[in-house]
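# Chains, contacts and geometry: an overview
Residue strings, one per chain:
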Amino acid sequence: SQQGEEDPQALSIQEGENATMNCSYKTSINNLQWYRQNSGRGLVHLILIRSNEREKHSGRLRVTLDTSKKSSSLLITASRAADTASYFCAPYGGATNKLIFGTGTLLAVQP
Amino acid sequence: DTAVSQTPKYLVTQMGNDKSIKCEQNLGHDTMYWYKQDSKKFLKIMFSYNNKELIINETVPNRFSPKSPDKAHLNLHINSLELGDSAVYFCASSHRVPSGNTIYFGEGSWLTVV
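Description of the structure in this document. (Residues numbered from 1 in each chain as written. Chains lettered and ligands numbered in written order. Predicted model: local features only at pLDDT ≥ 70, side-chain atom pairs only at ≥ 80, totals over all residues. Heavy atoms only, no water.)

## Focus: unusual backbone geometry
Here the amide bond leading from D7(A) into P8(A) is cis, since omega sits at 0°, within 30 degrees of zero. Considering the arrangement of structural elements, one finds P8(A) in the loop between β1 (5–7) and β2 (10–14). Backbone torsion omega between T7(B) and P8(B) reads 0°, so that peptide bond is classified as cis. Residue placement: P8(B) occurs in the loop between β1 (4–7) and β2 (10–13). Of note in this structure, N51(B) is not a glycine but carries a positive phi near 50°. Assignment of secondary structure puts N51(B) in the loop between β5 (43–50) and β6 (53–57). Of note, S80(B) is a non-glycine position whose phi angle comes to about 45°, a positive value. Position of S80(B) relative to the elements: it lies in the loop between β8 (73–78) and β9 (87–94). (Helix = DSSP H or I, 4+ residues; strand = E, 2+ residues; numbered from the N terminus.)

## Overview of the state of the cysteines
Counted according to the given criterion, the structure contains 2 disulfides over all chains. Disulfide pairing places C23(A) opposite C89(A) at an S-S distance of 2.0 Å. Taking the sign of the torsion about the S-S bond as the criterion, the disulfide between C23(A) and C89(A), at about 65°, is right-handed. Note that C23(A) is positioned in strand β3 (residues 19–24) and C89(A) in strand β9 (residues 85–92), a separation of 66 residues in sequence. Judged by its relative accessible area of 2%, C23(A) falls in the buried class. A sulfur-sulfur separation of 1.8 Å characterises the disulfide bridge that pairs C23(B) with C91(B). Between C23(B) and C91(B), the S-S dihedral sits near -80°, and the bridge is therefore left-handed. With a gap of 68 residues between them, C23(B) in strand β3 (residues 19–25) and C91(B) in strand β9 connect regions that are remote in the sequence. (Disulfide = S-S within 2.5 Å. Buried < 20%, exposed > 50% of the residue type's maximum accessible area, 1.4 Å probe, protein only.)

## Digging into the side chain of H29(B)
All names here are of chain B. Summarising the element assignment, H29 is placed in the loop between β3 and β4 (31–37). What makes H29 buried here is its relative accessible area of 5%. A distance of 2.7 Å separates a polar atom in the side chain of H29 from a polar atom in the side chain of S93. Within the structure, the side chain of H29 is placed 3.3 Å from the backbone nitrogen of S94, a separation counted as a polar contact. When sequence neighbours within four positions are dropped, the list of residues in contact with H29 reads K71, S93, S94, H95 and Y104. (Polar contact = N/O pair within 3.5 Å; in protein donor to acceptor, adjacent residues only side chain to side chain. Contact = heavy atoms within 4.5 Å.)

## Section: the packing of aromatic side chains
Under the defined criterion, the tally for this structure stands at 11 aromatic pairs over all chains. Judged by centre distance (5.3 Å) and plane angle (80°), the rings of Y35(A) and F101(A) are edge-to-face. Of the two residues, Y35(A) sits in strand β4 (residues 31–37) while F101(A) sits in the loop between β9 and β10 (105–110), which places them 66 residues apart along the sequence. When its relative accessible area of 0% is taken as the criterion, Y35(A) is described as buried. For the pair Y35(B) and F105(B), a centre-to-centre distance of 5.4 Å together with 50° between the ring planes defines the contact as tilted. With Y35(B) in strand β4 and F105(B) in strand β10 (residues 104–105), this residue pair connects regions lying 70 residues apart in the sequence. When sorted by exposure, Y35(B) lands in the same class as F105(B), which is buried. Among the aromatic residues, those joined into a ring-pair cluster are Y35(A), F88(A), F101(A), Y10(B), Y33(B), Y35(B), F90(B), F105(B) and W110(B). (Phe/Tyr/Trp six-rings, centres within 6.5 Å; stacked < 30°, edge-to-face > 60°.)

The structure is reproduced here in structure tokens:
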């Protein structure tokens, strides 16, 4: 399926540490998007990486994509308590007009 | 200004009732979606409309009926509510074919069926 699967399901770190979340998928993609969901809120788009890109940065976020392994990772550097949220990846294959989300990685950053 | 707004935010209702959730976007997008998020955080797409035309209709009970009066609005009507319908329902919008575009989500509507 086109659904991304995030790993780990939950991650707890101390403020200032780096957080790495992984995403695996099964089909070919045009791009892969990462979203954040704060508790009780809607999803917010973080970053999009295209299939011909290997790495992308946005502020403290770094996303990598390995299409040969069908995997992506999201690195948050120098984490803050405000980064506490669930993070979802959504691979987009282009065959349909839909993004399919998994269950996300729940990140808890302890102050 | 709210980009994707949905109402109500909270809804508690009894089994068997009929309820509606409304959604509006002011982003000028031509595609709108309804997603359902269960207690395990799994976010599942239900419907998608492009310019008032239904383009995605996942395996959803026919008690759920979306209605798009224009491309800025997509409402969700649910008949004969069941306990299992309790979830958070998210409306979202994007430009057609989100290959390079972001999906913008509303803040969610918490539906509890008792």
